[in-house]
Amino acid sequence: MQSSYITEELTGPLQELCSQYLCVLTIFHIINRYFHTTDERTFMDTMSKLSHDPARRDFLKTTAIGTAVAAAAFSGIINPLKAAEPEPFHFPPLPYPENALEPYISARTLNIHHDRHYRKYVQQVAERVKGTDYQNATLEKIIKETYGGITMIETLHLMALLAWNHDFYWKSMMSGGGATMPERLKGEVTTAFGSIDNFKAKFKEAAMTLGSGWAWLVIDNGKPVVTYTEYHDTPLLKNQKPLLTLDCWEHAYYLDYQDRKGDYVDAFLNHLANWQFAESNLPATASAPSKTKTAKK
Ligand SMILES: [Fe+2]
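Rules behind the numbers
Residue numbers here run from 1 along each chain, matching the order of that chain's written sequence. Where local features are concerned, this predicted model is filtered to residues with pLDDT of at least 70; where side-chain atom pairs are given and counted, the filter is 80 or more; whole-chain, interface and lining totals use all residues. Numbered from the N terminus, helices here are DSSP runs of H or I no shorter than four residues, and strands are runs of E no shorter than two. Our exposure labels follow a C-beta count within 10 Å of each residue's own C-beta, placed from the backbone: buried means 20 or more other C-beta atoms, exposed means 12 or fewer, and partly exposed covers the counts in between. What counts as a contact is two residues whose backbone-derived C-beta atoms lie within 7 Å of each other. The term nonpolar core means buried Ala, Val, Leu, Ile, Met, Phe, Trp, Tyr and Cys residues held together as one set by C-beta atoms within 7 Å. Any two strands between which DSSP finds at least two bridges are classified as paired. Note on geometry: axes are lines fitted to C-alpha atoms, helical ones only across the stretch in contact, with angles between N-to-C directions running from 0 to 180 degrees. Any helix carries an expected span of 1.5 Å times its number of residues minus one. Each direction from the helix axis to a C-beta atom contributes to the arc, which is the arc of those directions. Oblique is the label for any angle not under 35 degrees, not over 145, and not in the 65 to 115 range, which are roughly parallel, roughly antiparallel and roughly perpendicular in turn. Throughout, a crossing is termed right-handed when the near helix is turned clockwise from the far one, and left-handed when it is turned anticlockwise from it by less than a right angle. Residues are grouped as follows: Ala, Val, Leu, Ile, Met, Phe, Trp, Tyr, Cys and Pro are nonpolar; Asp, Glu, Lys and Arg are charged; all remaining types, including Gly, are polar.

Peer 1: Describe the overall build of the protein, and please don't skip the residues or the numbers.
Peer 2: Regarding its fold elements, the protein presents 13 helices and three strands. In the protein, buried positions account for 26% of the 297 residues. For the protein, the share of sequence-separated contacts (at least 6 apart) that also reach a separation of at least 24 residues comes to 67%.

Laid out in structure tokens, this is it:
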């Protein structure tokens with residue numbers, strides 16, 4: 001991935017420089033051949049004659065324009081073939097600056113996680129949907145319809161899962177998160193787990209169970225439930241409605257926490273969790289429990 005960035009960065013300026021050089025060289029060559037000039041002085045004499053010779057001036061003008069267009073096409077400024085290509089697959093940016101989650105998740109971790117890992121998943125999806133019925137499909141549709149496939153379809157399914165899970169993970173965090181839950185979510189969570197602290201303990205237990213995977217707060221059968229999925233799995237395939245997730249793969253935390261995974265989970269729950277996002281994912285049918293309902297617990 002890094003080498004391709006370098007290639008892209010070098011190719012543009014180099015190509016542009018070559019184009020400009022080619023343009024000048026071609027004009028000089030054509031004039032030289034047309035007017036039988038052989039050296040720079042003769043070339044300059046020839047150029048001065050142009051203002052007195054309309055036919056030659058028109059020829060040179062046409063040649064210069066044609067050469068410039070050809071050079072622009074070569075450099076990518078004008079590229080009719082490029083215009084016919086499909087739009088590049090959308091690579092969603094982070095919903096906040098890379099350093100927004102410091103000191104709990106460093107900008108370096110977020111940069112590597114988002115710009116390398118996540119970019120790879122999104123690009124893999126983009127490459128595999130080309131020319132298929134999924135070219136304009138949502139990740140959710142791809143995930144559900146490619147489940148159980150083999151070879152290429154299986155890879156598309158896994159990459160779509162990873163892309164969707166990560167997108168949900170970015171949104172599950174915010175600068176200054178982890179504070180008091182909004183009322184509706186707080187009511188649902190308190191009813192389901194007895195207290196916010198109990199919910200956090202359950203969530204941490206799920207996160208610590210995993211080697212590589214995801215800890216989730218989901219709605220299952222109308223109630224908030226803590227669960228986890230291993231590797232590339234997602235609650236979307238289990239008729240569960242995700243509210244919030246934590247990426248528990250090592251690449252998500254190891255640069256900042258090494259083997260102190262528990263500190264990473266605590267930081268998420270107490271300083272990063274975007275409770276507003278979690279509440280926004282509550283189904284419309286799930287209503288804030290009344291005090292009476294809470295009392296029954
Ligand atoms: Fe990840």
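Peer 1: Account for the nonpolar core, with residues named and values stated.
Peer 2: With 37 residues, the main nonpolar core has Phe-203, Ala-215, Leu-217, Phe-268 and Leu-272 as its most contacted residues. Where this core is concerned, the elements lending two or more residues are helix H8 (183–193), helix H9 (196–209), strand S1 (213–220), strand S2 (223–230), strand S3 (241–247), helix H11 (261–272) and helix H12 (275–280). Those residues in contact with Ala-215 that sit more than four places away from it in its chain are Phe-203, Ala-206, Ala-207, Leu-210, Tyr-228, Thr-245, Leu-246 and Cys-248. Listed in part, the 16 residues of the second largest apolar core include Leu-156, Ala-160, Leu-162 and Ala-163.

Peer 1: Which residues make up the sheet that holds S1, and what values go with them?
Peer 2: Spatial strand order, S2-S1-S3: three strands in an open sheet with antiparallel pairing. Each edge of the open sheet is held by one strand with a lone partner, namely S2 and S3. Strand after strand, the sheet turns through a mean of 25° between neighbouring axes, direction not considered. Pairing between S1 and S3: six bridges, direction antiparallel. Note that in S3 the partner of Ile-219 across the bridge is Lys-241.

Peer 1: Which residues make up H9, and what values do they have?
Peer 2: A rise of 1.5 Å per residue sets the reference length of H9, with its 14 residues, at 20 Å; its end C-alpha atoms lie 20 Å apart and thus fit the reference within 8%. The set of residues buried in H9 consists of Phe-199, Lys-200, Phe-203, Ala-206 and Ala-207. One side of H9 carries all its buried residues, which in axial view fall inside an arc of 125°. Exposed residues lying more than 90 degrees from the buried face of H9 are Asp-197 and Thr-209. In this structure, the buried side of H9 is in contact with H8, S1, S2, S3 and H11.

Peer 1: Outline the packing of H9 against H11, supporting the account with residue identities and numerical values.
Peer 2: Relative orientation of the contacting elements H9 and H11 amounts to 140°, with a least axis distance of 10 Å. By the criterion of interaxial angle, the relationship of H9 to H11 is oblique. Crossing geometry of H9 relative to H11 is assigned as right-handed. Where H9 abuts H11, its residues Lys-200, Phe-203, Lys-204, Ala-207 and Met-208 lie against Lys-261, Gly-262, Val-265 and Leu-269. A breakdown of the residues in the contact of H9 with H11 according to their chemical character gives five nonpolar, one polar and three charged.

Peer 1: Describe in detail H8, supporting the description with residues and values.
Peer 2: Restricting attention to buried positions, one finds in H8 the residues Leu-185, Glu-188, Val-189 and Phe-193. Viewed along the axis of H8, the buried residues span an arc of 105°, placing them on a single side of the element. Buried positions along H8 lie against H9, S2 and H12.

All quantities given are derived from atomic positions and should not be read as evidence of function.
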